Amino acid sequence: MSDAPLLEARGLSLRYGPIAALDEVGIEIHPGEVVAIVGESGSGKTTLLRVLSGLLRPEAGSVTYRDPEGTPHAVHSMGEAALRRLHRSDWGFVHQNPRDGLRMGVSAGGNIGERLMATGARHYGGLRAAATEWLQRVEIDPSRIDTLPGKFSGGMQQRLQIARTLVTHPRLVFMDEPTGGLDVSVQARLLDLLRTLVAELGLAVLLVTHDIAAARLLAHRLLVMRHGKVVEQGLTDRVLDDPQHEYTQLLVASVLAA
Amino acid sequence: MSAEAGYNFGYLDENTKRMIRRALLKAVAVPGHQVPFGSREMPLPYGWGTGGIQVTASVIGPDDTLKVIDQGADDTTNAVSIRRFFARVAGVATTERTGEATVIQTRHRIPETPLREGQILVYQVPMPEPLFRLEPRVAETKRMHALADYGLMHVKLYEDIARHGHVAISYNYPVMVADRYLMSPSPIPAFDNPKLHRMPALQLFGAGREKRIYAVPPYTDVRSLDFEDHPFRPVRADAPCALCGSRESYLDEVVTDDRGGRMFVCSDTDYCNTRQAAATQEAAE
Amino acid sequence: MMAEATNDPIQTSVPCGAPVIGSPAIRTEGLGKTFTLHLQNAARIPVLRGVELSVHPGECVALAGPSGAGKSTLMRCLYGNYAAGEGRILLRHQGAEIDLATADPRLVRAVRRDTLGYVSQFLRVIPRVPTLDIVAEPLLARGTPREEARARASTLLARLNLPTALHALPPATFSGGEQQRVNLARGFAPHYPVLLLDEPTASLDAGNREVVVALIEEAKRAGAAIIGIFHDTEVRDRVADRLFEVLPLPDDAPMNPAKDAA
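Residues numbered from 1 in each chain as written. Chains lettered and ligands numbered in written order. Predicted model: local features only at pLDDT ≥ 70, side-chain atom pairs only at ≥ 80, totals over all residues. Heavy atoms only, no water.

For chain B, an unreviewed UniProt entry supplies the name Alpha-D-ribose 1-methylphosphonate 5-phosphate C-P lyase and the organism Siccirubricoccus deserti. A UniProt comment under Sequence similarities (unreviewed entry) is attached to chain B, and it reads "Belongs to the PhnJ family." (UniProt positions renumbered as here; feature names shortened; annotations may be inferred.)

Structure follows, in structure tokens:
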């Protein structure tokens, strides 16, 4: 519990013209911790995710990642090669649209194997075994291993993207609205799957969502963003059941009770 | 033989040759890395070997002996034209014998006779980028090379094995050069890939339309990509050459009539002729 | 809000004679809670003020008072579900005393995993998760081996008369009483040193009420400090060592944010 944060950001600011996408944002995420960033569209949450994962450079502030040896790395000055290595080993990124995270021209098994191959796996049988195992873990019939993702439903594609991302056992996974484009019935299954995998693998997850129910189910901790600022943060059930900030109260009041 | 008057030696002007040689030096210094160069208009169409010809023109000297092969044969139109071209514009000696040549320009094959130190093998390359079918964005392929991020190429091999049970690449089989750069060996048969590895001769690759030059210096490691449990296997037609009986050489399938008749013969004409001559001589003794 | 909170006569502790030894497992100092409803013109609703509650290991304290007085609010504050507006919530966790009112979320999670249990009135159903796993989950979170956790969960569910056939099903379609028993099993399985029970017998029949009474007695004997809200006065009188009265704050409490702005 006293361990240092895995990812730590301080004073992040970024403007798009006159609009402050990020205004002095600070955040930290510890090993095994699931943190959700909630807020309406345009609140800056996706920008924050992109800045934290090194895909977008902030105008001010710093993002620090601690590797498994505990050595801190400044994400925005580590160089592209090192950042890429991070993105295909220690980190994962799950996109809202599975088509952005999958290779649609490559079979399900090839999609799952890509990160393994990128990190040096050179045994075909081993790759097949890993792909089979992961298809099962994300509840896709392993007999579909050679099927192209285009033949899968949206929910299956999203589960495939998750398998493809988690196969290398990353320590930190960024998720951008992972249930965004899915039917409600499919969402529940995906959320439960994510919840189980996150717990089993002890993943740290940074989840951007506007789905309060998803945040409640998955996240240990919640950050509420508005106009590029973190207006409230804390334990998920505390923020949702006893919101302090005016905007959080509005956000929670707008959700239909389930 | 003397060069025809009115042309600079080797057709290209000296500054162009100097520019190409600089690119070649850089290519040799960074094995497998594609170096851009200012490809010139040549008196033959793209796809006929404009890249190879410019490389040859830049490295050839008056004392060199040139051999040109196309699909292994010295007597095809393209090979004959290029050989004649250099005889005219550089006045160099030409040969069909692999062992006698100092510079060999090739399209689609590596000679069967092992090359030795001091020889230069110049490849004509239509598409130098091994990743181009997998990653359409040129900037992204460059980034992948810069970062040695080649997982995607293995994904392609994985897909082949999943679909066909083996890697279904029979030509232009991708290789890793000196454990660093992924390289297209040009459309030579995968059968020839093992000859790239630690070859004593200097290997130069020229792509005229794509304006790229790359190289494999002598004795450089060149590995064909594969999986531990699906190792690279060079394949050839399972037959002896109908003319020389070789069971080692790469064979062309020749259709002999309209009724489905066919025969397999060596694609390397010099190799085949040499073996036939030796067999005749042996029989005579 | 009020400097003389400790002298506030509104909330009183009524000892029922249980012997008190050693230091309390949980205690509050000047705990207060006011809700500010920004969507209703920033209306301020003071609910708790100057709460001084102290519960020792092996002791069961029942919160008493009319409905709407803030018993559930106090429970939720004690669990960290509501933010304590003022005062401290001191808890013995892993041998040290921590203040739950100011603890960072990660510490609150650790406290909830190891020290502090809460049985709410309603089960928050997680889609697709079988009953047995819901009950076993808090045990697994503390590192209990899977088989042992499931065995304990199964035993406890059986004791609460939940048929084995239901253990493998998600409780979404269960009756209110069945869901409450799942919730109770989940709360009692890990043997928390401090256990909060919000109407644990509300929708149970007489037989299951007896089981809950026995579970509470066992937990007390094992040294748990228990705080409960029991509308069932018969159950309350059997398990509680003393009552802690929570009364509504008088109407003269400051309602206008301008008035008590520091």
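**Describing the domain arrangement of chain B**
Residues and elements named next belong to chain B. Split by domain assignment, chain B resolves into domain 1 (14–128 + 176–223) and domain 2 (236–285). Placing a centre on the C-alpha atoms of domain 1 and another on those of domain 2 gives a separation of 26 Å. Counting residues at the interface gives 15 residues for domain 1 and 11 residues for domain 2. At the boundary of domain 1 with domain 2, the tally comes to 1 salt bridge. Notably, a salt bridge pairs Arg 97 with Asp 270, separated by 3.1 Å at the nearest N-O pair. (Domains from an automatic or database assignment. Contact = heavy atoms within 4.5 Å. Salt bridge = Lys/Arg side-chain N within 4 Å of Asp/Glu carboxyl O.)

**Thoughts on the packing of helix 4 (residues 108–118) of chain A against helix 6 (residues 154–166) of chain A**
Residues and elements named next belong to chain A. Taken N-terminus to C-terminus, the directions of helix 4 and helix 6 make an angle of 30 degrees; their axes are 7 Å apart at the nearest point. Compared by their axis directions, helix 4 and helix 6 come out roughly parallel. Judged by the sense of rotation from one axis to the other, the crossing of helix 4 with helix 6 is right-handed. The segment helix 4 lies against helix 6, with Ala 108, Asn 111, Ile 112, Glu 114 and Arg 115 engaging Leu 160, Ala 163, Arg 164 and Thr 165. The class makeup of the residues in the contact of helix 4 with helix 6 is 4 nonpolar, 2 polar and 3 charged. (Axes fitted to C-alpha atoms, helices over the stretch in contact; angles between N-to-C directions. Helix = DSSP H or I, 4+ residues; strand = E, 2+ residues; numbered from the N terminus. Parallel < 35°, antiparallel > 145°, perpendicular 65-115°, else oblique. Left-handed = near helix turned anticlockwise from the far one by under 90°. Nonpolar A, V, L, I, M, F, W, Y, C, P; charged D, E, K, R; others polar.)

**Observations regarding the arrangement of the chains**
The pair of protein chains exhibiting the most contacts, out of 2 pairs of chains in contact, is chains A and C. For chain B and chain C, which are not in contact, the least C-alpha distance works out to 34 Å.

**Section: the interface of chain A and chain B**
Of the residues lining the interface, 21 residues belong to chain A; the matching set on chain B comes to 19 residues. When residues of chain A are sorted by the area they lose upon contact with chain B, Arg 84, Arg 122 and Tyr 124 of chain A head the list and together hold 40% of the total. Counting across the chain A and chain B interface gives 4 salt bridges. Glu 140 of chain B is the salt-bridge partner of Arg 84 of chain A, the closest N and O atoms lying 3.0 Å from each other. (Buried area = accessible area lost by both parts, 1.4 Å probe.)

**Side note on the packing of aromatic side chains**
Within the structure shown, the criterion is met by 14 aromatic pairs over all chains. Aromatic side chains Tyr 173 of chain B and Phe 232 of chain B sit 4.8 Å apart centroid to centroid with 70 degrees between the ring planes, which places their arrangement in the edge-to-face category. Remark: Phe 232 of chain B occurs in the loop between strand 10 (222–224) and strand 11 (251–255) and Tyr 173 of chain B occurs in the loop between helix 5 (151–164) and strand 6 (175–177); sequence separation between them is 59 residues. Each member of the pair, Tyr 173 of chain B together with Phe 232 of chain B, is buried. Each member of the aromatic cluster is reached from another via a ring pair, and the members are Tyr 65, Trp 91, Phe 93 and Phe 174 of chain A. Above the ring of Trp 134 of chain A, the side-chain terminus of Arg 137 of chain A is found at 4.6 Å from the ring centroid. (Phe/Tyr/Trp six-rings, centres within 6.5 Å; stacked < 30°, edge-to-face > 60°. Buried < 20%, exposed > 50% of the residue type's maximum accessible area, 1.4 Å probe, protein only. Lys NZ or Arg CZ within 6 Å of the ring centre and 35° of its normal.)

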